[in-house]
Structure formats: structure tokens, C-alpha cells
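# Analysis of the macromolecular model
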Amino acid sequence: MTRERRRLEDLRPGARLGTGSPRRRALALALRADLVIEPVRGNVDTRLRKLERGDWDGVLLAAAGLSRLGLAPTNVQPLDPDVFVPAVGQGVLSVESRADDRRVLSLLGRIDHAPTRACAAAERACLARLGASCNSPVAAYAIQDGTALKMTALVASDDGRKVLRASATGAADVPERLGRQLAHALLDQGAASIAPLHPGTSWRE
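Just so it is clear, the structure is predicted and the values come from calculations on it, not from any experiment.

### Describing the sheet that holds strand β4 (residues 138-145)
- Spatially, the 3 strands line up as an open sheet ordered β4-β5-β6, and their pairing is antiparallel. Two strands close off the open sheet at either side, each with one partner strand: β4 and β6 (163-171). For this sheet, the mean inter-axis angle between neighbouring strands, taken without regard to orientation, is 15°.
- Relative to β6, strand β5 (residues 148-156) runs antiparallel, the two sharing 9 bridges. Across the sheet, the residue bridging to valine 155 is leucine 164, located in β6.
- Sitting on the sheet, helix α1 (residues 22-31) is in contact with β4, β5 and β6, with an inclination near 115° to β6.
- Most of the contacts of helix α6 (residues 175-188) go to β6, to which it runs at about 155°, and overall it touches β5 and β6.

This is the structure in C-alpha cells:
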């Protein structure tokens, strides 16, 4: 989202862009190394007010967050997920319950969306194998197409100068296998040398 209805690529040289995400920071700098990336604080309303008063020339926000708040600003540029690959689990809603609570599990089973669960499992498996945290510029995005999952993952350096990508297709009934496959592909490219990763460490698997 920009203050003067400009696209990201049309912002003035040295424009200030607000984001609290290491992933978005790295990908923005990969496209525009001249941008000045500034950390953001506060909820969505606070960030929009800061944009309006001129603290930044633009701000990167999650489209899902704007949608859930019923906000539809006119000066918004949707970012291509093939370029700005979403974070692991971006936009996924989940509910946690006790493993032995059959009643709750039965109720949850009625609203479970199997394709979304498979995509989330693949993305999380990639993250776990990389040993990445929320402070790592890492992304993974899976979509289900019939019985197959198509997935793209990336690891970037903080300054966006190096961006490693990997894509593959795998069976939707074993999503974790695809996630681990892409993690290994990124590690083989040298991902651990450009980002704060701890390969093989499961942060929350």
C-alpha cells in the first residue's frame, strides 16, 4: 500500500517502506535495493495512520488482515505470490484441541478443510527441516491441484542480495515429504550460509 497510489516499482528512489517482516524486507530489497526499509509497530489501523501522515511512502501489509478487518483501501497493489512468496501458513486458520477429546475432535472434523491442512503441513515441514524461526527471511507456499501439491519455497539474505528459490510437485497425501524435499533443495543451494537457520532443528513441528 502506498501513500500516493504508486506501485512498488514506481516509488521514488530512496523511498521509505514500512514492514515488520524480515521476509518482506528481504524481498522488497531484492526488487529495489535503493529502498529504505523501516520497522513498523502497532496494529493495522496505527500503521495506516502512519502512512497517511507521511511517516512512510508505502507499507507492506497482509491482504488477509485487511480483508478480515473489512478494509478496502484504493491505493493497494496486490503482490504476486510467485515473487513475494507468502510466509509459512499465511492466512491459514487453525484450532488446537486435546488429543483425547473425542467430542471436540468430532466437531472440528466437520469444518476441517483437507486441502488447506495438506498445504499447511507441507509448508511447516519445510520450515522445520530448515530450522527457521520468525526472524528468518524464509517463505513457503503450497497449493493443491487435484491429488498433487505444488509448492515454492525460498530463503533470502536480510539485505535481499541473495534469494534462493526451489519449486516442486508432490502427492497431497504425503505433504511433509514435499516440504522436506524443498528444504533439502534450498540447503543444497547454500541456504544455511545466507540466513539464520539451524537445519534439522524443529522449532514447532
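Moving on from the coordinates now.
### Some thoughts on the layout of surface pockets
- What the largest pocket holds in volume is close to 1,600 Å³.
- Around the largest pocket, the lining is made up of 47 residues, and of these Gly89, Val92, Ser94, Ala120 and Arg124 lie nearest the centre.
- Mapped onto the lining of the largest pocket, the elements with two or more residues apiece are α1, α2 (44-52), α3 (63-68), α4 (102-111) and α5 (114-130).
- The greatest single-element share of the lining of the largest pocket, amounting to 8 residues, is contributed by α5.
- Counted by class, the lining of the largest pocket contains 23 nonpolar, 13 polar and 11 charged residues.
- Here the second largest pocket defines a volume of roughly 600 Å³.
- Surrounding the second largest pocket, 28 residues form its lining, Leu61, Ala62, Ala63, Pro78 and Leu79 being those nearest its centre.

Cut-offs used in this document
Throughout this document, residue positions are counted from 1 along each chain, in the order its sequence is written. The model is predicted, so local features are restricted to residues of pLDDT at least 70 and side-chain atom pairs to those at 80 or more, both for listing and for counting; the totals for chains, interfaces and linings are taken over all residues. The basis for every side-chain value is the complete set of non-hydrogen atoms in the structure, without hydrogens or water. By the convention used here, strands pair only if DSSP detects at least 2 bridges between them. Numbering of helices and strands runs from the N terminus; a helix is a DSSP stretch of H or I covering at least four residues, while a strand is a stretch of E covering at least two. To obtain each axis, a line is fitted to C-alpha atoms, and for helices this fit is confined to the stretch in contact; angles are then taken between N-to-C directions over 0 to 180 degrees. Here, residues are in contact when the closest pair of their heavy atoms is within 4.5 Å. In this analysis, the protein atoms alone were mapped onto a 1 Å grid. Cavities are point sets where a 1.4 Å probe fits without being able to get out; pockets are open sets with protein on both sides within 12 Å along at least five of seven lines; lining residues have an atom within 4 Å of a point. Grid points are joined across faces, edges and corners, and a volume is the space filled by probe spheres set on the points. Amino acid classes used here: Ala, Val, Leu, Ile, Met, Phe, Trp, Tyr, Cys and Pro are nonpolar; Asp, Glu, Lys and Arg are charged; the rest, including Gly, are polar.

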